[in-house]
Structure formats: C-alpha cells, structure tokens
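Architecture and fold: a report
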Amino acid sequence: APDVIALVDAAPGAQAEALAQWVAEGGTLIRFAGPRMAAMQDLGADPLLPVRLRPGGRAAGGALSWGAPRGIAPFAGDGLFAGLSIPAEVMVRAQLLPEPDPDLPARTLAQLTDGTPLLTRAAMGEGQLVLVHSSANAEWSNLALTGLFIQMLDRLVQSARVGDRAETEATAAAGAPHWQPQLVLDGFGRPRPPGDLAPVPAAAFAEGPSPVAPAGLYAAGERRVAL
C-alpha cells in the first residue's frame, strides 16, 4: 500500500487500470519523461498524465531547437517548492512539451526560464498525477545530479495523501510503546526541531495531534510516521 509510485520513462502498459484505481483512491504517481516516452505514438492519449503531451519533445540543437539549454525559473513564493534555491549550473537540454491548454498554468509547479513546464501536476480522484517533463537521470538534464532534485522529490512525497490518516496512525502506533518527535510544526505550520519535547505514548499518539503530540514527523526504531 504505497503512498507514492514513480514511473521512469515508461508507459503504464498492462498496469494502467490498476494504477488509475490506486491514484483515484489517494495515491501519488510521479512520472519522468525520457527518450522512450518521447517516441510513443499515442502519448497524447495517455490517461495517467497531468497534461496532454506532444510526441517527440524538443532538445537543444534538435529539430525543435532552443539554441541552448535552459535554466529553471524561480519557484513561486506560495508554491510547493517555495524557498528552494536553484543552482545556477542546473540546465535542461531536452523536455516533453504539453499541448496548449487553459488549465496549464494552474497545473505547472515548476518551469524553465522560457516559460515552458518542467513539472506539472493534476488531481485524479483523491490522488494526484505528477510529471517531470525531463529525465530522471542526466540524459536530458543535470538536475538529477544536484541536491535540488532530492529536495523537490522530498516535497512531492510530503504532498502525497495518505488514504485514512486516523487508521494509519492507529495501526502504526499499535506496535510502538512511544513515538519520538523528529520534526514538529508550530501554530503557523512552520517546521522546527522538537527541542525538549518528550516521547509520546502510543495511546496519546493514536488520538491525533495534541499539546503533547504536535503535528510533525515521529520515529519509533526504524519506523517513521507523519502526524
């Protein structure tokens, strides 16, 4: 019962129906573009993408050429990646382009300096579809070689919806006598170290956030749970 599945430069194939049901029930599907996806003839009809894509993509120096690789535009101050620093050396050499759509700006989480999308997201039922329009390795971009890539993936995973939060917490708490806070949120939703906050008994933890168990990340042995 994963919260997130990543699909790298591939079509869903025979798993498409099962993946669609899983996303609709609350899963987050993160897909990465690449040369195999660009070569798919029915790419525009793929139902597990947040936007309709043009086949072929575009590359620096190619038929649909930029003339030069593009950098990443600054992230929106109120967006998912707000506050992340973009290294000046990050360059994207190729990407898959979306078809024109009035919903495209609202679905774009990150874009290149020329305004074309680098990362898009759309809701599907209770879950979400995410597409990184460049590759998950260094074939199309050097983004994957940077710490920014890890930070972006971390934010995406944190945004995943857990199906039944109360049931998940109760089940996790049942096997642990105490939960040790690792990172907690203050009243404004800002993360901070737990300081001298005491470990939370399993019974109190299962009841949800409280003064003795503020919202945040907790650990018990090798297990990690978000409250």
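Rules used in this analysis
Residues numbered from 1 in each chain as written. Predicted model: local features only at pLDDT ≥ 70, side-chain atom pairs only at ≥ 80, totals over all residues. Heavy atoms only, no water. Helix = DSSP H or I, 4+ residues; strand = E, 2+ residues; numbered from the N terminus. Buried < 20%, exposed > 50% of the residue type's maximum accessible area, 1.4 Å probe, protein only. Contact = heavy atoms within 4.5 Å. Areas by Shrake-Rupley, 256 points an atom, 1.4 Å probe, with all protein chains shown as cover. 1 Å grid on protein atoms, 1.4 Å probe; cavity = no way out; pocket = protein on both sides within 12 Å on 5 of 7 lines; lining within 4 Å. Points joined across faces, edges and corners; volume = space filled by probe spheres on them. Nonpolar A, V, L, I, M, F, W, Y, C, P; charged D, E, K, R; others polar. pLDDT = per-residue confidence, 0-100.

**Points about the overall build of the protein**
- The helix and strand inventory of the protein stands at six helices and twelve strands.
- Counting the 227 residues in the protein, one finds 40% classified as buried.
- Across the protein, the fraction of contacts at a sequence separation of at least 24, relative to all contacts at a separation of at least 6, is 61%.
- Per element, the accessible surface of the protein, about 11,800 Å² overall, is 56% carbon and sulfur.

**Things to note about empty space enclosed by the protein**
- Scanning the model with the defined rule gives one cavity of 30 Å³ or more in all.
- A volume near 50 Å³ is recorded for the largest cavity.
- Around the largest cavity, the lining residues are Phe32, Leu118, Leu119, Val132, Leu143, Phe149, Met152, Leu153 and Leu156.
- Those elements that provide at least two residues to the lining of the largest cavity are strand E6 (117–124) and helix H4 (147–158).
- Along the lines of polarity and charge, the residues of the lining of the largest cavity split into nine nonpolar, no polar and no charged.

**Remarks on the confidence of the model for the protein**
- Scored by pLDDT, the protein has a mean of 87; 89% of the residues are at 70 or more.
- Per-element confidence in the protein ranges from a low mean pLDDT of 46 for helix H5 (residues 165–174) to a high of 97 for strand E2 (residues 28–32).
- Here residues 163–174 is modelled with pLDDT under 50, and outside its nearest four sequence neighbours on either side it reaches 16 contacts, counting other chains as well.

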